[in-house]
Amino acid sequence: MNGDDDEESQPQQKKPSIFLYLLYGSIIGLLILLLFQTFFLGESEVNINTLVTQNVEENLNCECKIFFDNDSIQTNRENFTLQRYENKEFSHKMLTKKKKVAVFGECYCDGEHHYEQSKAYIAELASDKISIDFAFVKNNTNISYGI
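Worth saying up front: this structure is predicted, and the values here are computed from it rather than measured. (Residues numbered from 1 in each chain as written. Predicted model: local features only at pLDDT ≥ 70, side-chain atom pairs only at ≥ 80, totals over all residues. Heavy atoms only, no water.)

Undergrad: Would you mind going over the overall build of the protein in detail, with residue names and values included?
TA: What the protein contains, in helices and strands, is two helices and seven strands. Taken from N to C terminus, the helices and strands of the protein fall in the order α-α-β-β-β-β-β-β-β. Here the protein displays about 10,500 Å² of accessible surface, and carbon together with sulfur accounts for 53% of that area. (Helix = DSSP H or I, 4+ residues; strand = E, 2+ residues; numbered from the N terminus. Areas by Shrake-Rupley, 256 points an atom, 1.4 Å probe, with all protein chains shown as cover.)

Take a look at the structure:
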C-alpha cells in the first residue's frame, strides 16, 4: 500500500510531442547550415601585404602591381616615390572563394638606373595574409621570380 501512495503522489510527466522534436531538429539544422556557409562556402578576405625597400643612393619613382587570381584577375596598382634608403609598405584587400590562389607581383623603379623585380606565388591560404617583399640594391636590374 505504501508503494501505491508513492506512485499516486508523484505527478506524471508528459512526454514531449513529435512536433517539439522536429522544431529542435530544424533549429539545429539551420545553425549547422549557417556555420557551414559562413566558414566553407563564403568569400574570404585576404590581405596582400607588400614591402618595397631600396639600398641605393638615389630617389626612385616606383610602380608596383599585384595580380590576384580569383576566377577573374583582380589587379591593384601603387605609384610612389622612394627616398634614398627608404622603404614603402602597402596592403590591399582581395576577396576569394578558393583555398589555393595564385599571386603575381611586379615592381618597377626608375632613377639613375632602372630596377625591376617580379615575384609569383601559389599560396595555400592558411591565414588571411600573403606577404610580397621587393628589395632593390645598387646595380640590381635583373628580374627575379620567387615561387
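Undergrad: Give a description of the pattern of salt bridges that names residues and reports values.
TA: A complete count under the given rule lists two salt bridges for this structure. In this structure, the salt-bridge partner of Arg 77 is Glu 63, at a minimum N-O distance of 2.8 Å. In this pair, Arg 77 sits in strand β3 (residues 72-82) while Glu 63 sits in strand β2 (residues 60-70), placing the two residues 14 residues apart along the sequence. Overall, Arg 77 belongs to the partly exposed group, its relative accessible area being 47%. (Salt bridge = Lys/Arg side-chain N within 4 Å of Asp/Glu carboxyl O. Buried < 20%, exposed > 50% of the residue type's maximum accessible area, 1.4 Å probe, protein only.)

Undergrad: Any details on the nonpolar core? Residues and values, ideally.
TA: Nonpolar side chains tend to gather and get buried jointly when the protein is soluble and globular. Within the largest apolar cluster, 24 residues are counted, with the highest numbers of intra-cluster contacts made by Ile 48, Val 52, Phe 68, Val 103 and Ile 130. Elements supplying a minimum of two residues to this core: β1 (44-55), β2, β3, β4 (87-96), β5 (100-110), β6 (114-124) and β7 (129-137). By residue number, the principal contributor to this core is β2, which donates five residues. The residues touching Ile 48, leaving out its near neighbours within four places in the chain, are Ile 66, Phe 68, Phe 90, Ser 91, His 92, Met 94, Val 103, Ile 130 and Ile 132. (Core = buried A, V, L, I, M, F, W, Y, C linked by side-chain atoms within 4.5 Å. Contact = heavy atoms within 4.5 Å.)

Undergrad: I'd like to hear about the state of the cysteines, residue by residue, with values.
TA: Overall, the coordinates contain two disulfides when judged by the stated rule. At a sulfur-sulfur separation of 2.0 Å, the disulfide partner of Cys 62 is Cys 109. Torsion about the S-S bond of the Cys 62 and Cys 109 cystine: about 115°, corresponding to right-handed handedness. Of the two residues, Cys 62 sits in strand β2 while Cys 109 sits in strand β5, which places them 47 residues apart along the sequence. When sorted by exposure, Cys 62 lands in the same class as Cys 109, which is buried. Between the sulfur of Cys 64 and that of Cys 107 lies a disulfide, 2.0 Å long from S to S. Linking Cys 64 in strand β2 with Cys 107 in strand β5, this pair joins segments that are 43 residues apart in sequence. As far as the burial class goes, Cys 64 and Cys 107 line up, both buried. Each bonded cysteine in the protein gets a number by its place in the sequence, and the pairs come out as 1-4, 2-3. (Disulfide = S-S within 2.5 Å.)

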